[in-house]
Every structure is written in structure tokens, then in C-alpha cells.
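# Per-entry structural report
Each chain is listed here by its residues.
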Amino acid sequence: MAKVTDHIAEAKGKTIFSIEIIPPSKGSNSIDELLAGIEPMMELKPPFIDVTYHREEYFIKQMPDGGQKEVRSRRRPGTVGICSAIMHKFDVDPVPHVLCGGFTKEDTEDLLFDLNYLGIDNVMALRGDIAKPFNVFKPKKGGHAYASELIAQIRNLNKGKYLYEDGEPDAFTNFCIGAAAYPEKHYEAQDMEVDMLNLKKKIEAGADYIVTQMFFDNQKYFDFVNKCRANGITIPIIPGLKVLATKKQLEILPELFYLDMPAELRNAVEKSKDNNEAKEIGIEWCVQQCKELKEFGVPALHFYTMSKSATTLAVAKQVF
Ligand code: FAD
């Protein structure tokens, strides 16, 4: 299978269509339903599909004996299995997201071997979200605190450097490594300059390309790319996009992803009579964003789809 950076090179400056999907909540969807949900987007031939990873959560469970127990559970398991399924069903390159959170370095090495044996050559390396219900990120004992450390481990494995075994291996992994970046700053970083220095650590550790957090104001992306280039970051910077589909998302998206909603979009959606009209406005906004980003020469338009096709297709069919 090919690397994301190979797909970008092969496109020779043409913008690629790509998507991110999420595993279903436990018990809510069969693999057939998941695949049927994303199949309509295959018409646009995405060469790679990201599959998110969702770490464990902690909650109190009421036990049959009347007592309570703190339990740990993953509500959306299945990232690796879904990657394997989409690779075989659609012949696309899956990009599993790999996290620091919830993993020891040993767990990570094991996971990377599983991916390698499945024929998966791409990973998106992330610190990961904070485990619910906590409000501070804590690495697992013996795990990584920052994505740059995880990237360094993956890069080392590509060079045949394992955690403990010495000697020259006969076979090497060959992962292409994506990293996340935030045109409107990561919420924990004190300012954009510090965040940029930390992004550079990920590039120095071995990231091959960047995917951005979603944004609704293209100027934020253009400014960010210019800042990256001025700081010596030369790797591809893929914009992440979300189609606004409900009135409620006007509040939820800025809260969850620490982004600015442009006043023009906000006013139009606020005036809309219902969610159908809001969705139409969101689609049109995203179409205009995509056209401008394509004009700018972005390597790919990467859609956060939540494993649903309709709004992404409504946009992409007008752009590709
Ligand atoms: P990092 O790069 O480690 O940065 C985290 C924070 O620490 C930043 O504020 C940074 O400035 C700072 N920092 C970094 N390095 C250092 C250092 N050496 N010293 C001091 N400070 C430092 N979350 C999931 O749980 N699952 C997913 O599948 C997932 N997919 C995502 C995909 C994309 C494209 C994006 C943009 C985000 C995704 N996330 C996902 C969310 C992501 O995990 C969170 O945004 C997380 O809070 C940060 O992850 P990161 O990899 O950017 O972290």
C-alpha cells in the first residue's frame, strides 16, 4: 500500500479528496453498516482514509449488588479492525490514529507491529484527548507525554531501533507519519509562538506531513501556513474541514475545538429558519472554502465526516 506523501506526490499538485471517519459507539453499528455509510464517498476515490482512535473513559457503574464500582471502558473501540476492513473492501490506504494517551511505549511498539503485519504504512501520531472525566492530560506510566515523543518512537522503529532488542533486524517498518496542528492554536499552548515551537519538535522528530484542526475562516489557515513556512516547516499541510450541519454546532464546535466562527457564517445560520436551511448554508460556506483552498494549491481537502456521507458529498461533488 502507498504512503500519504506518495499520494500527494503522485497527484502532481492536484488537490486530493480525503476523509476521516470515526469508529461507531460500541454496539451501535455493524461493520457492514459502517462500510455502507461511507461507501457513497468512494465515488470520489479518496486515496486514504483516516480512522480516529478513542481512548478509555472512567465512570462509576451501578453494580447488581447495589454497590458502585469505578470502571474503565472504551466506547468506540475498533480502529485497527476498521482500518483492515476498509483496506480490503475499498482498496484505499487506511490511516489509523495512534495515541500517547492510554498507551505505554511497549503497547505502542506492539500496536505498530500489528499495523505493519496488516500492511498498513501510514499512521497519524497524536497525544490524544484527555481521558473523561478528567481535565488534565496524564500519560500512562511508561507512556509518552507529547506527540513528538511518539513520533520519535515510530521513526526509530522505522530505523530498526526497538525499545529493548538490540541488533540489526532483517525487516523494517516503513510508516509515513502524520501530525496534528492548530491554525487557531492548541488550547493548552500559551501562545501561537510556543505552539509553533512545539509543532517544530514534531517535524524534527520525523513527521512527514501535517493535518490541521478544522477551521471556518480560510485566512486562519493561510496565516498559519505562512507562519510554518517562515519557521522552516516545509512538509505538506493538509487543511481539515467540517461542514456545519446544524444550528447547535455554532456553539458546540467553537467550544470543542477552540475555533472562531466567522461573524458572516454565524449571522446567516442564526437567521436560518431550521436545521435544513442551516445545513444548506453550511454546505455553501464549505464549498466556497474548498474552492479558495484549492486555488491556493492545498495538497488535499480532508473532511471530518463522522462516518456520514451526505454533507461531505454535497460539498465535494461541487469541488472535485
Ligand atoms: P501535542 O503535539 O503533544 O501537543 C499538545 C500540547 O502540548 C500543545 O499545546 C503543544 O503546544 C504542547 N506541547 C507539545 N510538545 C511539547 C513539549 N515538548 N513541551 C511542552 N509542551 C508541548 N484525539 C484523539 O483522542 N483521537 C484522535 O483520533 C484524534 N485525531 C485528531 C486528528 C487531527 C487532525 C487533530 C488536529 C486532532 C485530533 N485529535 C484526536 C485531538 C488531539 O489528540 C488533541 O488536540 C490533543 O489535545 C493534542 O494532540 P497533539 O497530537 O496535537 O499533541
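As a reminder, the structure under discussion sits directly above these lines.
Residues numbered from 1 in each chain as written. Predicted model: local features only at pLDDT ≥ 70, side-chain atom pairs only at ≥ 80, totals over all residues. Heavy atoms only, no water.

## Some points on the site of the ligand
Near the ligand lie 24 residues; those nearest to it are Tyr53, Tyr182, His186, Asp195 and Lys202. One of the backbone nitrogen or oxygen atoms of Tyr53 is found 2.8 Å away from a nitrogen atom of the ligand. Between the ligand and Lys202 there is a distance of 2.7 Å, counted from an oxygen atom to a side-chain nitrogen or oxygen. Contact with the protein chains removes 88% of the 970 Å² of surface that the ligand exposes when unbound. When residues of the shell around the ligand are traced back to their parent elements, those giving at least two are strand S5 (93–99), helix H6 (192–205) and strand S8 (209–214). (Near = heavy atom within 4 Å. Polar contact = N/O pair within 3.5 Å; in protein donor to acceptor, adjacent residues only side chain to side chain. Areas by Shrake-Rupley, 256 points an atom, 1.4 Å probe, with all protein chains shown as cover. Helix = DSSP H or I, 4+ residues; strand = E, 2+ residues; numbered from the N terminus.)

## Focus: helix H11 (residues 310–319)
Here H11 has its buried residues at Thr311, Thr312, Leu313, Val315, Ala316 and Val319. On its buried face, H11 is in contact with strand S1 (16–21), helix H10 (275–296) and strand S10 (300–304). (Buried < 20%, exposed > 50% of the residue type's maximum accessible area, 1.4 Å probe, protein only. Contact = heavy atoms within 4.5 Å.)

## Let's talk about the pairing of strand S2 (residues 48–51)
Every regular strand shows the same layout, with side chains that alternate between the two sheet faces. Judged by which residues are buried, S2 turns out to be covered on both faces: Phe48 and Asp50 on one side and Ile49 and Val51 on the other are all buried. Alignment of S1 against S2, held across three bridges, turns out to be parallel. Across the sheet, Ile19 pairs through a bridge with Ile49, a residue of S2. Viewed along the sheet, the connection from S1 through helix H2 (residues 31–38) into S2 turns out right-handed. With four bridges joining them, S2 and S5 adopt parallel strand pairing. Residue pairing across strands places Phe48 opposite Asp93, the latter belonging to S5. (Pairing = 2+ DSSP bridges. Right-handed = clockwise from strand over helix to strand, strands pointing away.)

## A look at the sheet that holds S2
Taking strand neighbours around the barrel as the criterion, the eight strands line up as S1-S2-S5-S6-S7-S8-S9-S10 in a closed arrangement whose pairing is parallel. Sheet twist, expressed as the average angle between the axes of neighbouring strands with direction ignored, equals 30 degrees. In this structure, S5 lies alongside strand S6 (residues 122–126), joined through three bridges in parallel fashion. Considered in S6, the bridge of Leu99 is made with Leu126. (Axes fitted to C-alpha atoms, helices over the stretch in contact; angles between N-to-C directions.)

## Let's talk about the environment of Leu115
You can see Leu115 is positioned in helix H4 (residues 105–117). Judged by its relative accessible area of 0%, Leu115 is buried. C-alpha separation for the pair Leu115 and Ala268, spaced 153 residues apart in sequence, amounts to 45 Å. What Leu115 contacts, discounting residues up to four positions off in sequence, is Val80, Pro96, Val98, Ile120, Val123 and Phe175.

Just geometry here; none of it tells us what the structure is for.
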